[in-house]
Amino acid sequence: MAAKDALFKHFCILSVVFLLINHGICLPKDEDRKVYIVYLGSLNPTETYSPTSQHLSLLQQVVKDQRSASASLIRSYQRSINGFAAKLTEKEAQKLASKDEVFVGPVSLLYGE
C-alpha cells in the first residue's frame, strides 16, 4: 500500500511539472506582447451595465481563458469612452480588430513611434 501511495505522489508531482512546463511553452512571452488600446465607441450614459465585464468578455474571446484575460487587461475606461488597454500579441489584437465596431491600435500610434 505504501509503495502505491509513493508511486501516486511521484505521478502527481511529475504531472504538475509537465503541466507547468507545457503551460510555459505554449503561452506567448511578455516580450511578444504590446500594449494596445481597444476602442468600442462612446458610452451611453443611460445604460446600466459593467463596461469592465464587457471588456473582459471580449478579451476572453481572443486569449486562452478568463485568467489570461484578467492578466492582460491593464485599464478599463468607462467614464467618457468605452474601451480598454491590454497587453496582447499581434494575433490577438487582429482577432479583436476583426470584430464589428471595434478599433484596436498599438499605444505607439499615440506617441508617433
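Under an unreviewed UniProt entry, the chain has the name Subtilisin-like protease SBT4.6 and belongs to Punica granatum. Here the chain is described in UniProt, under the heading Sequence similarities (unreviewed entry), as follows: "Belongs to the peptidase S8 family."

Undergrad: I would appreciate a short explanation of helix α4 (residues 90-97) in the present structure.
TA: Think of an α-helix as turning once every 3.6 residues; residues three or four places apart then point the same way. Where α4 is concerned, the buried positions are Glu92, Ala93 and Leu96. Down the axis of α4, the buried set is contained in an arc of 100°. They therefore lie on one face. Those residues of α4 that are exposed and angled more than 90 degrees off the buried face are Glu90 and Lys91.

Undergrad: It is not clear to me how the environment of alanine 93 should be interpreted in this structure. Could you clarify?
TA: In this fold, alanine 93 is placed in helix α4. Judged by relative accessible area, alanine 93 falls into the buried class, the value being 6%. Note: C-alpha distance between alanine 93 and valine 35 (58 residues apart in sequence) is 9.6 Å.

Undergrad: Before we go on, may I ask you to explain the sheet that holds strand β2 (residues 73-77) in this structure?
TA: As a general point, the strands of a sheet are linked pairwise by backbone hydrogen bonds and lie either parallel or antiparallel. Pairing is antiparallel across the open sheet formed by four strands, whose spatial order is β2-β3-β1-β4. Looking at which strands have only one partner, the edges of the open sheet turn out to be β2 and β4 (103-106). Put simply, the sheet's adjacent strands are angled 20° from each other on average, direction ignored. Pairing of β2 with strand β3 (residues 81-88), which is carried by four bridges, proceeds in the antiparallel orientation. Bridge pairing in β3 links arginine 75 to alanine 85. Running at roughly 155° to β3, α4 makes contact with β1 (34-42), β3 and β4 of the sheet.

Undergrad: Sorry, what's going on with the nonpolar core here?
TA: The tendency in soluble globular proteins is for nonpolar side chains to be buried as a group. Counting 16 residues, the largest nonpolar core has Val38, Leu40, Leu59, Phe84, Leu88, Leu96 and Val104 as the members making the most contacts within it. Leucine 96 has contacts with Val38, Leu58, Leu59, Val62, Phe84, Leu88, Val102 and Val104, leaving out every residue within four places of it along the chain.

Undergrad: I tried to follow the pairing of β3 on my own but got confused; where do I start?
TA: Consecutive side chains of a regular strand alternate in pointing toward one face of the sheet and then the other. β3 sits mainly inside the fold: six of its eight residues count as buried. Note that β1 and β3 share seven bridges and pair antiparallel. Following the sheet pairing, valine 38 is matched in β3 by phenylalanine 84. The antiparallel hairpin formed by β2 and β3 contains three residues in its connecting segment.

Undergrad: Help me understand the environment of proline 51 in this model?
TA: Note on placement: proline 51 falls in helix α2 (residues 51-62). When the C-alpha positions of proline 51 and serine 76 are compared, they lie 7.5 Å apart, and in sequence the two are 25 residues distant. Look past the residues within four positions of proline 51 in its chain and what remains in contact with it is Leu43, Ser76, Gln78 and Asn82.

Rules used in this analysis
- Residues numbered from 1 in each chain as written.
- Predicted model: local features only at pLDDT ≥ 70, side-chain atom pairs only at ≥ 80, totals over all residues.
- Heavy atoms only, no water.
- UniProt positions renumbered as here; feature names shortened; annotations may be inferred.
- Buried < 20%, exposed > 50% of the residue type's maximum accessible area, 1.4 Å probe, protein only.
- Helix = DSSP H or I, 4+ residues; strand = E, 2+ residues; numbered from the N terminus.
- Arc of directions from axis to C-beta.
- Pairing = 2+ DSSP bridges.
- Axes fitted to C-alpha atoms, helices over the stretch in contact; angles between N-to-C directions.
- Contact = heavy atoms within 4.5 Å.
- Core = buried A, V, L, I, M, F, W, Y, C linked by side-chain atoms within 4.5 Å.

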